[in-house]
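Chain and residue survey
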Amino acid sequence: MNTEDDHPELAPILRRIPPEWGRNIEIGPGWHSILVDLDKVLAEVDPDYVVHQIKEEGGDLDFRFDSGHTDRYQQMRALVRAAEQRASHLCEECGKTGVLHRSRDGAVRRLCVECAAAAQQGYQAVSSDLETRAALYRVAQQAAALHRLLTSLPPDASRRISAGEMDRVSQLASHALWASTADLHERGEYAYAKQVVARAAELAAGEEAP
Ligand SMILES: [Zn+2]
């Protein structure tokens, strides 16, 4: 599976695996572009780095490599971690936003809703942190919009809204923002925060659809 003939974009990475280890990359096509990007940045640090194994483990990307330059290893490890983190929010089959799913036989994979259904193996979402955060981000957006509306009311209408009510809308907006993305920004997880915002935009598009 995943030989050079099937996936020519992976050929440069496959050639980094020592032949005696078996030149396989056992991950779905949705993550291939992550590997191609990762290979480019790793090669800039060490053009001769070696790949030991690339596989999917429990719905996550597992990328094992080595470098002859021990002084560069930590820098490379950080690049690998960033790529693995990127994969941890994307469908392994198509590359769209994905969450962990478990099949009726207990197999765990990171998939989007469409690919989970297409597999016809009874996949059910098991982790919905992304969905939870995206839904809360929608609340933050709507509460902020409501707050803007309230502050721009004509005086007669404004008099009928109490300061306490204004405050609660404002508190809801900041609380929902914190629970959806602000905590991620504080922890430096910018890529994941972006995924939350992207998923929230998908949800917003769905809300507008008839
Ligand atoms: Zn998919």
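What this report covers is the structure whose coordinates are included nearby. (Residues numbered from 1 in each chain as written. Predicted model: local features only at pLDDT ≥ 70, side-chain atom pairs only at ≥ 80, totals over all residues. Heavy atoms only, no water.)

1. Describing the sheet that holds strand β5 (residues 108-111)
In space, the three strands of this open sheet follow the order β5-β4-β6, with antiparallel pairing throughout. Because the sheet does not close on itself, it has two edges, and the strands there are β5 and β6 (124-125). In this sheet, β5 lies alongside strand β4 (residues 99-102) in antiparallel orientation, the contact comprising four bridges. Residue pairing across strands places Arg102 opposite Val108, the latter belonging to β5. (Pairing = 2+ DSSP bridges. Helix = DSSP H or I, 4+ residues; strand = E, 2+ residues; numbered from the N terminus.)

2. Comments concerning the packing of helix α5 (residues 129-151) against helix α8 (residues 190-208)
Relative orientation of the contacting elements α5 and α8 amounts to 70 degrees, with a least axis distance of 8 Å. Between α5 and α8, the interaxial angle falls into the category roughly perpendicular. Crossing geometry of α5 relative to α8 is assigned as right-handed. Facing Asp129, Leu130, Glu131, Arg133, Ala134, Ala135, Tyr137, Arg138 and Gln142 of α5, the residues of α8 in contact are Tyr192, Gln195, Val196, Val197, Arg199, Ala200, Leu203, Ala204 and Glu207. Of the residues that constitute the contact of α5 with α8, the class distribution is 10 nonpolar, two polar and six charged. (Axes fitted to C-alpha atoms, helices over the stretch in contact; angles between N-to-C directions. Parallel < 35°, antiparallel > 145°, perpendicular 65-115°, else oblique. Left-handed = near helix turned anticlockwise from the far one by under 90°. Contact = heavy atoms within 4.5 Å. Nonpolar A, V, L, I, M, F, W, Y, C, P; charged D, E, K, R; others polar.)

3. Overview of the side chain of Asp39
Inspection of the secondary structure puts Asp39 in helix α2 (residues 32-45). The exposure class assigned to Asp39 is buried, which follows from its relative accessible area of 10%. Apart from residues lying up to four places away in sequence, Asp39 is in contact with Pro12, Ile13, Arg16 and Tyr49. (Buried < 20%, exposed > 50% of the residue type's maximum accessible area, 1.4 Å probe, protein only.)

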